[in-house]
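# Examination of the molecular architecture
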Amino acid sequence: MIFHPIPLKDCEALLKDQEDILTPAWEKFRRDAALQTCPSCGAGDPIFILDTRKPFASGEILPRYHARCSACGMDYTLWTRLAIGVPTPSRVC
Ligand SMILES: [Zn+2]
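Being a predicted model, the structure only gives us computed values, none of them experimental.

## Brief notes about the sheet that holds strand 1 (residues 47–50)
In space, the three strands of this open sheet follow the order 1-2-3, with antiparallel pairing throughout. Of all strands in the sheet, those bounded by a partner on one side alone are strand 1 and strand 3 (75–76). The pairing of strand 2 (residues 65–68) with strand 3 spans two bridges and is classified as antiparallel. When the sheet's bridge partners are listed, Ala67 is paired in strand 3 with Tyr76.

Now the structure itself:
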């Protein structure tokens with residue numbers, strides 16, 4: 001299947017009178033997700049990694065992300081803090 005991007009001017013015309021629901025949702029996500037701490041080392045301010053295997057879920061307007069600790073490199077789910085990857089050995093505290 002080949003996807004053809006819509007030209008930017010056509011996108012702008014389609015969205016001209018639509019309410020912006022993505023920006024407030026993204027800002028809330030960033031604010032809430034930034035408070036999550038690494039289950040391994042406790043560091044905050046994670047890096048958000050797009051779930052490329054299933055980037056969208058039914059009923060969600062934002063793509064799905066998991067967190068990667070900026071200190072030790074552990075990957076974990078954002079809201080449950082379940083480990084889904086191991087810390088990078090060279091970065092373990
Ligand atoms: Zn960590």
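## Details of the environment of Tyr76
Relative to the elements of secondary structure, Tyr76 occurs in strand 3. Assessed through the 21 C-beta atoms surrounding it within 10 Å, Tyr76 is described here as buried. Along the chain, Tyr76 and Thr37 lie 39 residues apart, while their C-alpha atoms are 9.7 Å from each other. Not counting residues up to four positions away in its chain, the partners in contact with Tyr76 are Cys38, Pro39, His66, Ala67, Arg81, Leu82, Ala83 and Ile84.

## Some points on the pairing of strand 2
When strand 1 meets strand 2, the two strands line up antiparallel, connected through four bridges. Bridged to Phe48 within strand 2 is Ala67. The loop that links strand 2 with its antiparallel partner strand 3 comprises six residues; one of these, Gly73, has a positive phi angle of about 90°.

Cut-offs applied
Residues numbered from 1 in each chain as written. Predicted model: local features only at pLDDT ≥ 70, side-chain atom pairs only at ≥ 80, totals over all residues. Pairing = 2+ DSSP bridges. Helix = DSSP H or I, 4+ residues; strand = E, 2+ residues; numbered from the N terminus. Buried ≥ 20, exposed ≤ 12 C-beta atoms within 10 Å, placed from the backbone. Contact = placed C-beta atoms within 7 Å.

By themselves, these are just geometric observations and shouldn't be taken as functional.
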